[in-house]
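What follows is the residue order along each chain.
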Amino acid sequence: MTKSGVGGALVIGVDAGATSTRVAVHTLDGTRVGYARAGAGNPTAHGMAKAVAAVREALSAALDGLDSGRVAASLAGVAGHVPELTPELAKVWADHGVAEGPQCEGDLLIGYVAGSAEPDGALLLSGTGAAAARITGFRLDAVADAMGWLLADAGSGFWIGRAAAMAVVDAFDRGLPVTAVDDPADRLVPLVARDFLGAERPDTPRAVAARIVRLAQADHMRLATLAALVSRAAAAGDPMAVTIVEDAADRLAATLRRVHVSGPVVLAGSVLTSEGPVRAAVTARLPGVPIGTARDAAGAAAWLAARPLLGDAAKARHGAFTGLSA
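Model, not experiment: these values are computed from the prediction.

**Q** I would appreciate a short explanation of the sheet that holds strand β4 (residues 71–78) in the present structure.
**A** Hydrogen bonds along the backbone pair up the strands of a sheet, which may run parallel or antiparallel. Reading across from one edge, β3-β2-β1-β4-β5 is the order of the five strands in this open sheet, with mixed pairing throughout. The open sheet is flanked by β3 (32–38) and β5 (103–106), the only strands paired with a single partner. Strand-to-strand twist in this sheet, taken as the mean axis angle between neighbours without regard to direction, amounts to 15°. Where strand β1 (residues 10–16) meets β4, seven bridges bridge the pair, whose relative direction is parallel. Bridge pairing in β4 places V11 opposite A73. Helix α12 (residues 297–310) rests against β1, β2 (21–27), β3 and β4 of the sheet, and its axis sits at about 140° to β1.

Okay, structure coming up:
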């Protein structure tokens, strides 16, 4: 079916995050009829103007060829949500011929719904940052951590990457030979060292350590990308990497215990949605707990918007919106 042939009510879901914004348009049976992606939509991290512009761009593309007058409900899940965003998005919706602006929620609720249709449960997120949240009646009830990479976010991708860099710097500072950089095995030290140094080879172990420190200080967010190297090394049995993974899993599980009362736990964020050592270590610490995995957050936002319209059919159609039935 072409967009121009879509009939019936439409719902819009928005997933506005720190790196990208996604807008999904669905019919009430869950069929996705419009989808688009734009830049970062976090108003706290990137400013209101940039966030609104990203949502506007994605909304325009997602609605292209559709009758915006058929939109019956909308919901935006926004990382870094602030109350001032709601009226700004209402203006964007009005500019596109949608009479009523979107309901706005934080991204933690949307992340949970992207992995579960149960009204009560918990989210455990580990991506660049980390957080846990208790969900009650599809409302955000309590949050643990989510305090940022500098002082918190224990077990996050940034936390894992920083732990790896610290361990590698310490090893070279204690005299590990420079030749260790070129060890062909999937060990944490050469993986991290080569990631920073490329073809560069400082003359002494301490010079290697100092160079890694300077590069990390110049671009601290690159530390989060090292989490993938930790997983690779841990999967190969490297003791240093395994220790970091186990420590991260302990911290994530402890954060979750602060908020989880009952119901399923949805794992979200790149560290936990990918099969690998961290996800395995976390799930091993949750025996007997139903585990879900977050899928399409924009679709989840659309499903939340549609719930009042779907009535008793809402739970059965959750998978069509989020991709969990695929």
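**Q** Where do I start with helix α5 (residues 157–173) in this structure?
**A** In an α-helix, one turn spans 3.6 residues; hence positions three or four apart end up facing the same way. In this model α5 runs 24 Å from its N-terminal to its C-terminal C-alpha over 17 residues, within 8% of the 24 Å that 1.5 Å per residue would give. Summarising burial for α5: 12 of the 17 residues are buried, a large majority. Within α5 the residues assigned to the buried category are G157, F158, W159, I160, G161, A163, A164, A165, V168, V169, A171 and F172. Where α5 terminates, the next one or two residues include G175, which has phi positive at roughly 105°.

**Q** Explain the UniProt feature "domain: ATPase BadF/BadG/BcrA/BcrD type" (unreviewed entry) in the protein chain here, please?
**A** Feature annotation in UniProt assigns "domain: ATPase BadF/BadG/BcrA/BcrD type" (unreviewed entry) to the following positions: residues 12–298. Strand forms 20% of residues 12–298 and helix 42%; the C-alpha atoms that close the span are 8 Å apart.

**Q** Please clarify how the pairing of β2 should be interpreted in this entry.
**A** For a regular strand, the rule is simple: side chains alternate between the two faces of the sheet. Of all seven residues in β2, six are buried, a share of seventy percent or more. Counting the residues in the hairpin turn of β1 and β2 gives four residues. Of the strand pairs in this sheet, β2 and β3 are connected by six bridges, and their pairing is antiparallel. From the neighbouring strand, V23 faces β3, where its bridge partner is A36. If you look at the hairpin formed by β2 and β3, you'll find four residues sitting between the two strands, and G30 has a positive phi there, around 100°.

Calculation notes
Residues numbered from 1 in each chain as written. Predicted model: local features only at pLDDT ≥ 70, side-chain atom pairs only at ≥ 80, totals over all residues. Heavy atoms only, no water. Pairing = 2+ DSSP bridges. Helix = DSSP H or I, 4+ residues; strand = E, 2+ residues; numbered from the N terminus. Axes fitted to C-alpha atoms, helices over the stretch in contact; angles between N-to-C directions. Contact = heavy atoms within 4.5 Å. Expected span 1.5 Å × (residues − 1). Buried < 20%, exposed > 50% of the residue type's maximum accessible area, 1.4 Å probe, protein only. UniProt positions renumbered as here; feature names shortened; annotations may be inferred.

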